[in-house]
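Summary of the model geometry
Letter by letter, the chains look like this.
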Amino acid sequence: MLFKNITIINENYDVIKDTNVLVQGNKIKYIGSEIPKAYNGEIYDGKNKVAMPGFFNTHCHVPMTLLRGYGEGLPLQRWLQEKIFPFEALLTDEDCYWGTLLGISEMIKSGVVSFTDMYSRLETLVQAIEETGIKANISNSYLKFDDNEDYFKDRSYKDTEFIRNYVKTSVHDRIRGDVSIHAEYTSTEKVVRQISEYCNEANMNMHIHLSETAKEQQACKERHGLTPAEYFFKCGTFKNKTTAAHCVFLEGDDFNILKENKVTVSHCPTSNLKLGSGIAPIKTMLEHDINVTIGTDGAASNNNLNMLEEVNLAALLHKGANNDPLFLGQKDILKISCLNGAASQGREECGCIKVGNRADIIIYDFDKPHMQPAFDVLANIFYSAQASDICLSMIDGNVVYKNGIFTNIDMEKVYYNVNRIKDEKLNLLKL
Ligand SMILES: [Zn+2]
């Protein structure tokens, strides 16, 4: 496809007007003011359109769209124990397939080209990801619900081995498998060491929750005499490329540990605010040169997977919290939400629009009242745009969404099934 006479944000985050972008296969082959003469393929008219790199949502539990809005108005522990866990216990593989399709459709609609996920039932997730064309790093997290003291006898290990082998034989690299430990408070030290060693030997990425609440931080210090970051470092967890979600209560040496071990932070501002956890110290993280990225978390605690909204909130929240209108400028927020996310997933050819990179391109329609005039294209994207202004999404060179229509998802079927699942589970819970 040739995007003709379009405005783009290039690899240096400069706005280039009236240029042409040629995509061939899964890559960007050419960017320039001349239209390639020999080209006779599909042409996309770029008038009043802006091409941006797609977002990387670095923390999600995608099938949890099925629980959106369930059990609102309860404090965290009661919400989990009385609502979320009993509902999740009833979910089947097929249910999670429909929930995953719903979540992926939401993400694609808001400009996500790849996500990092922590859940279970990876075979089901793989099916939905394969069908839709999105990219993802997926993992099954170890959770000590059954008091299992041996990772290698746990279902999360079996699922991790499944994804590890699947990736090896896959003809493309859109899907990657990560290893995951849910959190310090849902695992024992023995298992954390076991999983970290396995991750290291398998040369996979690690995905954890870290320092999400004050209670978690305090309890960890009481149990181990260490903060969660110090504890995981001691257990060897950070030897591999790690994404740590939340990090609201980092303190003292935690920042240095994350920096020195190249741990990526997935900042999930909506979830942290909605669950009353707090505001993550993003400014201190960036001062320590930590790789900060943005995540939506699951739809049960957000309550959507709208990445543009998440990025907009992050951009505003930290200006206010730091009394600094210059903090997290448009170029910073672009880097955090695209390039840093791609790096956290180990996708070196992704995260910005440049020749040779994967064609992960999102088109914004500027032909809207709230998008005019365009003094500052990036300011309009991050402070004025709505997800509904995204009119096309291309992932690895394939158009997966155009003008409200998903190429590979039948939304009517998805809506029917997620509501059927809701009614079925509510009936079962009433029995
Ligand atoms: Zn989470």
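Remember, predicted model here, so these are calculated numbers, not experimental data.

Rules and cut-offs
- Residues numbered from 1 in each chain as written.
- Predicted model: local features only at pLDDT ≥ 70, side-chain atom pairs only at ≥ 80, totals over all residues.
- Heavy atoms only, no water.
- Donors = N, O, S within 2.8 Å, 3.2 Å for Na, K, Ca; no water.
- Tetrahedral: all angles 85-135°; square planar, octahedral: opposite > 155°, others 65-115°.
- Helix = DSSP H or I, 4+ residues; strand = E, 2+ residues; numbered from the N terminus.
- Buried < 20%, exposed > 50% of the residue type's maximum accessible area, 1.4 Å probe, protein only.
- Phe/Tyr/Trp six-rings, centres within 6.5 Å; stacked < 30°, edge-to-face > 60°.
- Lys NZ or Arg CZ within 6 Å of the ring centre and 35° of its normal.
- Domains from an automatic or database assignment.
- Contact = heavy atoms within 4.5 Å.
- Buried area = accessible area lost by both parts, 1.4 Å probe.
- Salt bridge = Lys/Arg side-chain N within 4 Å of Asp/Glu carboxyl O.
- Expected span 1.5 Å × (residues − 1).
- Arc of directions from axis to C-beta.
- Polar contact = N/O pair within 3.5 Å; in protein donor to acceptor, adjacent residues only side chain to side chain.
- Pairing = 2+ DSSP bridges.
- Axes fitted to C-alpha atoms, helices over the stretch in contact; angles between N-to-C directions.

1. Topic: the coordination of the zinc ion
Each protein donor to the zinc ion is listed here as His59 (NE2), His61 (NE2), His209 (NE2) and Asp297 (OD); together their distances run 2.1 to 2.6 Å. Note that the zinc ion binds 4 donor atoms; their angles at the metal cover 83 to 172°, and the shape is irregular. In the primary structure, the donors to the zinc ion are separated according to the pattern H-x1-H-x147-H-x87-D. Residue His61 is found in the loop between strand E6 (55-60) and helix H1 (76-89), and its partner His209 is found in strand E10 (residues 205-210); the two are separated by 148 residues along the sequence. For the pair shown, His61 and His209 are each scored as buried.

2. Concerning the packing of aromatic side chains
Tallying each qualifying case throughout the model produces 14 aromatic pairs. Measuring from centroid to centroid gives 6.4 Å for Tyr142 and Tyr151, while their planes differ by 70°, and the two rings are edge-to-face. The class of Tyr142 is buried, set by a relative accessible area of 0%. Here Phe152 and Tyr157 contribute two aromatic rings whose centre-to-centre distance is 4.9 Å and whose plane-to-plane angle is 85°, an arrangement assigned as edge-to-face. When its relative accessible area of 38% is taken as the criterion, Phe152 is described as partly exposed. Feature note: the residues Tyr142, Tyr151, Phe152, Tyr157 and Tyr198 constitute an aromatic cluster, connected by ring pairs. The ring of Phe327 carries the charged tip of Lys283 above its face, separated from the ring centre by 5.2 Å.

3. With respect to the domain arrangement of the protein
Interfaces are often described in size by the accessible area the parts lose on coming together. Taken domain by domain, the protein holds domain 1 (2-53 + 350-406) and domain 2 (55-344). A separation of 29 Å is found between the C-alpha centroids of domain 1 and domain 2. The interface of domain 1 with domain 2 comprises 30 residues on the first partner and 31 residues on the second. Across the domain 1 to domain 2 interface the summed buried area is about 2500 Å²; carbon plus sulfur atoms make up 67%. For domain 1, the biggest contributors to the area lost against domain 2 are Tyr13, Phe382 and Tyr383; these three give 30% of the whole. Inspection of the region where domain 1 meets domain 2 yields 4 salt bridges. Between Asp14 and Lys331 there is a salt bridge whose closest N-O contact spans 3.7 Å.

4. A few points about helix H14 (residues 411-430)
Relative to the 28 Å expected for 20 residues at 1.5 Å per residue, H14 spans 29 Å between its end C-alpha atoms, a close match to the ideal helical length. Along H14, the positions that sit buried rather than exposed are Met411, Val414, Asn417, Val418, Ile421 and Lys425. All buried residues of H14 lie within an arc of 125° about the axis, which places them on one face of the element. For H14, exposure combined with an orientation more than 90 degrees from the buried face picks out Glu412, Tyr416 and Lys430. Buried positions along H14 lie against H1, helix H2 (93-109) and strand E17 (405-406). Regarding H14, its N-cap is Asp410, as a side-chain oxygen of that residue lies 3.2 Å from the backbone nitrogen of Glu412 further along.

5. Notes on the sheet that holds strand E12 (residues 264-267)
Taken in spatial order, the 8 strands of this open sheet run E6-E7-E8-E9-E10-E11-E12-E13, and their pairing is parallel. Bordering the open sheet on either side are E6 and strand E13 (291-294), each of which pairs with just one other strand. Strand-to-strand twist of the sheet, defined as the mean angle between neighbouring strand axes without regard to direction, takes the value 25°. The strands touched by H2 within the sheet are E6 and strand E7 (112-119), with E7 carrying the most contacts at an inclination of about 145°. Across the face of the sheet, helix H5 (residues 189-202) comes into contact with strand E8 (135-142), strand E9 (175-181) and E10 while running at roughly 155° to E9.

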